[in-house]
Each structure stands twice: as structure tokens, then as C-alpha cells.
Amino acid sequence: MSWLDVGALGAIPSRGARVLTTPDGAIALFRTGNDRVYALRDRCPHRGGPLSQGIVHGDCVTCPLHDWVIELATGSARAPDDGAVETFPVRIDNGRVLVDVQASDPSKAVGLSATA
């Protein structure tokens, strides 16, 4: 695994998101109300909407474009919709968020940014 330290847990707002920019595309980091953190490709499987701008509720995010509900743990769309988005392993170590960026080149990641 290729763990990348992307910042402090507090940099991701509760029930919000931040974006990690990589050469392979944006990765959205979501923090739930109970401080679980998930990382998904920042692209809805429906029409590519920016999931990072969606509403986080429970362990899901709703795409801001067409209201698809995506499960944060699996990246799968909830029925009746069908599709999935790529997920990335995340761990918290001493208050720091680490993401396994897998296919992305961690040396070229530029860090977290706020979502609009």
C-alpha cells in the first residue's frame, strides 16, 4: 500500500468533504458525523457530478446534480440507481488522515483543498 498523509482530521469538516488532487483525478475525502473518513473518486457514476459538493448524511453522500445516493464505504449507488465509484482505503493515525492512493502517484499529489 502507498499511504499518503493528507492532513489533520480537523481539516475535513464534520459531515463535509475536502478534495485531494492527484494526477489520476480528484479524490473526495468525506468525514461523517461520527468521525469516520472515506475516500472516493470525486465523480458520480451517473454523469460525473462532483461528489465532494454533495450532502453527507449518515454513511452516504447525495450527488448535487441528480440526487443519486452513494454509500461511502462501498462507493455503490443505492437502489433504484445502479453504479459504483472507485474507493480508496483510509486510516486515521494520531489525528492524521492517511489515504492509500493506489494507482495515483503519491509524489505528485498536491494536497487537500476546500470544496466550493
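Visitor: Report on the nonpolar core, specifying residues and quantitative values.
Guide: F30, L40, L51, V61, W68, I70 and L72 are the most contacted members of the largest nonpolar core, which totals 15 residues. Of all the secondary-structure elements, those providing two or more residues to this core are strand 3 (25-31) and strand 4 (37-41). Counting residues in hydrophobic clusters, the runner-up holds 13 residues, among them V6, L9, A39 and V97.

Visitor: Go over the pairing of strand 10 (residues 96-100), please, and point to the residues and values.
Guide: Within strand 10, four of the five residues are buried, which leaves the element mostly enclosed by the surrounding structure. Relative to strand 10, strand 1 (residues 3-8) is paired through five bridges, and the arrangement is antiparallel. Looking across to strand 10, one finds that A8 is bridged to R96. Both strand 9 (residues 90-93) and strand 10 contribute to a ladder of four bridges, which runs antiparallel. Bridging from a neighbouring strand, V90 pairs with V99 of strand 10. The antiparallel hairpin formed by strand 9 and strand 10 contains two residues in its connecting segment, where N94 sits at a positive phi of about 55 degrees.

What counts, and where the lines are drawn
- Residues numbered from 1 in each chain as written.
- Predicted model: local features only at pLDDT ≥ 70, side-chain atom pairs only at ≥ 80, totals over all residues.
- Heavy atoms only, no water.
- Core = buried A, V, L, I, M, F, W, Y, C linked by side-chain atoms within 4.5 Å.
- Buried < 20%, exposed > 50% of the residue type's maximum accessible area, 1.4 Å probe, protein only.
- Helix = DSSP H or I, 4+ residues; strand = E, 2+ residues; numbered from the N terminus.
- Pairing = 2+ DSSP bridges.

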